[in-house]
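If you want the building blocks of each chain, they are given just below.
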Amino acid sequence: MYNENKTLIVNIANQKGGCGKTTTAINLSAALARRDFKVLVIDLDAQGHASLGLNIDTGDLNVSIYDVIVRNVELARVIVPTYQKNLDIAPATSLLTGAQLEIADMLGREGILRGAIYKMLNTTAKSYDFILMDCSPSLNLLTINGMVAAHSVLVPIQTHYFSLEGMKELFTTIDITRTRLNSQLDILGIVATLYDSRTRMTRDILGQIREFFKEKV
């Protein structure tokens, strides 16, 4: 599908808010870039926190990932460099809030982002070693677009009570996506976040997460 020997595409997703998706996306992308990998972050959250976290002034953008999803603008046109060498971002603005409704009736709506990435990687537009997608805290059409476009899903999960709540729904969505839309989709791993070793609760929850997800943690 893609130039698979060169680009690994990872969707960072969990419909639960506040579990560290954006923080994971920012820190992982920056760490990879500092190791001399070429990295692209695609911000799929209308809050645009990944864009803001990478010091992008979202109020000063002429185009964003919204235009790729809704208006068929080429992905390479919306990508901007960040302060970190080797790290670019396709930023999001509040316009993305309405994107789900605007593409709801489009043919092939689940594969819009995959098509845009495919076109970019198979031309001389831009090339990357890693593409990381930061999704919104919901299982909407934009999150599905991220899953359809990705090779794998990375799931941040809080070491708090109720952290496993909703995970069944997420994994059901991943299974459906794998069965119907993207047979290569895999779970890259589970990242335990917001861990405080000083508290018994977080130690216990981490133990439960390890017991449940085993080697994926």
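Here the structure is a predicted model, which is why all the values come from computation and not from measurement.

Explanation requested: the packing of helix H7 (residues 141-149) against helix H8 (residues 167-180) in the structure shown.
Angle between the axes and distance between the axes: these two values describe a pair of packed helices. It is the contact of H7 with H8, at a shortest axis distance of 10 Å, that shows an interaxial angle of 50°. Judged by the inter-axis angle, H7 sits oblique to H8. Pair H7 / H8 crosses with right-handed handedness. The segment H7 lies against H8, with Ile144, Met147 and Val148 engaging Leu170, Thr173, Ile174 and Thr177. In terms of residue class, the contact of H7 with H8 is built from 5 nonpolar, 2 polar and no charged.

What exactly am I supposed to notice about unusual backbone geometry here?
What you tend to see is this: most non-glycine residues have negative phi, and most peptide bonds are trans. You will see that aspartate 36, though not glycine, has its phi angle at about 75°, which is positive. Relative to the helices and strands, aspartate 36 resides in the loop between helix H1 (21-34) and strand E2 (39-44). Despite not being glycine, lysine 214 has its phi angle at roughly 55°, a positive value.

What am I meant to see in the packing of aromatic side chains here?
Two descriptors summarise a pair of aromatic rings, namely the distance from one centre to the other and the angle between the planes of the rings. Taken as a whole and judged by the stated rule, the model has 2 aromatic pairs. Between phenylalanine 37 and phenylalanine 130, the ring centres sit 5.2 Å apart and the planes meet at 90°, which makes this aromatic pair edge-to-face. Taken together, the residues phenylalanine 37 in the loop between H1 and E2 and phenylalanine 130 in strand E5 (residues 130-135) connect sequence positions 93 residues apart. Phenylalanine 37 sits in the partly exposed class, given a relative accessible area of 31%.

Thresholds, definitions, all that
- Residues numbered from 1 in each chain as written.
- Predicted model: local features only at pLDDT ≥ 70, side-chain atom pairs only at ≥ 80, totals over all residues.
- Heavy atoms only, no water.
- Axes fitted to C-alpha atoms, helices over the stretch in contact; angles between N-to-C directions.
- Helix = DSSP H or I, 4+ residues; strand = E, 2+ residues; numbered from the N terminus.
- Parallel < 35°, antiparallel > 145°, perpendicular 65-115°, else oblique.
- Left-handed = near helix turned anticlockwise from the far one by under 90°.
- Contact = heavy atoms within 4.5 Å.
- Nonpolar A, V, L, I, M, F, W, Y, C, P; charged D, E, K, R; others polar.
- Phe/Tyr/Trp six-rings, centres within 6.5 Å; stacked < 30°, edge-to-face > 60°.
- Buried < 20%, exposed > 50% of the residue type's maximum accessible area, 1.4 Å probe, protein only.

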